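Topology and contacts: notes
The lines below spell out each chain.
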Amino acid sequence: MSVFIDENLEQDDAGLVSCRHCSARVGVAADPLRDARVRESAPRTAGPSVRAEASNFTDREVVFRQAFCPECLTLLQAEIVPADEPSFRIRSLKLVGA
Ligand SMILES: [Zn+2]
């Protein structure tokens, strides 16, 4: 039985997290995006709604961080965060097929 994490990720009985589009492994339960490809760029690359300079609000470097499936390059997560911090996003799990 797999556990539905979100529209792009699922977890198997062994705790491995895979892409739901191509079945590539992208992580484990404790770190679901451990093996994802990560790209960091300027926050403005997130789109036209990001207009303010981060330096107006903080002295820290801020980045637009995207995580992609290593095989099919589906975007799995996107966030604007301080560059020196790991992701604090969490996911709640829902059992499917139970
Ligand atoms: Zn994939």
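The structure reproduced in this document is the subject of the present report. Computed from a prediction, not measured in an experiment: that's the story for all the values here. (Residues numbered from 1 in each chain as written. Predicted model: local features only at pLDDT ≥ 70, side-chain atom pairs only at ≥ 80, totals over all residues.)

1. Structural notes on the overall build of the chain
If you tally the helices and strands in the chain, you get zero helices and eight strands. Walking the chain from its N terminus toward its C terminus, one meets helices and strands in the order β-β-β-β-β-β-β-β. Seen through its C-alpha atoms, the chain measures out along the principal axes to roughly 50 × 20 × 20 Å. Classification of the 98 residues of the chain by burial places 16% in the buried group. Summarising the internal contacts of the chain: among those between residues at least 6 apart in sequence, 39% fall at separations of at least 24. (Helix = DSSP H or I, 4+ residues; strand = E, 2+ residues; numbered from the N terminus. Buried ≥ 20, exposed ≤ 12 C-beta atoms within 10 Å, placed from the backbone. Contact = placed C-beta atoms within 7 Å.)

2. Quick look at the sheet that holds strand 5 (residues 37-41)
Taken in spatial order, the three strands make up an open sheet running 5-6-7, and their pairing is antiparallel. With partners counted over all chains shown, the strands left at the sheet margins are strand 5 and strand 7 (75-82), one partner each. Each neighbouring strand pair of the sheet contributes to a mean axis angle of 20 degrees, computed without reference to strand direction. Sheet topology places strand 5 next to strand 6 (residues 62-68); five bridges connect them, and they run antiparallel. Along strand 6, the bridge assignment pairs V38 with A67. (Pairing = 2+ DSSP bridges. Axes fitted to C-alpha atoms, helices over the stretch in contact; angles between N-to-C directions.)

3. Structural notes on the pairing of strand 4 (residues 25-28)
Note: strand 3 (residues 16-19) against strand 4, three bridges, orientation antiparallel. Residue S18 lies in a different strand from strand 4, and its bridge partner there is R25. Hairpin connection from strand 3 to strand 4: five residues lie between these consecutive antiparallel strands, with S23 at a positive phi of about 70 degrees.

4. A word on unusual backbone geometry
In this structure, S23 takes a positive phi of about 70 degrees despite not being glycine. For S23, the position within the fold is in the loop between strand 3 and strand 4. With a phi close to 65 degrees, L73 is a non-glycine residue in the positive phi region. Within the secondary structure layout, L73 lies in the loop between strand 6 and strand 7.

5. Observations concerning the environment of F64
Tracing the chain through its elements places F64 in strand 6. Spatially, the C-alpha atom of F64 lies 4.4 Å from that of I80, the residues being 16 residues apart in sequence. Excluding anything up to four places from it in sequence, F64 contacts E40, S41, A42, P43, T45, A46 and I80.

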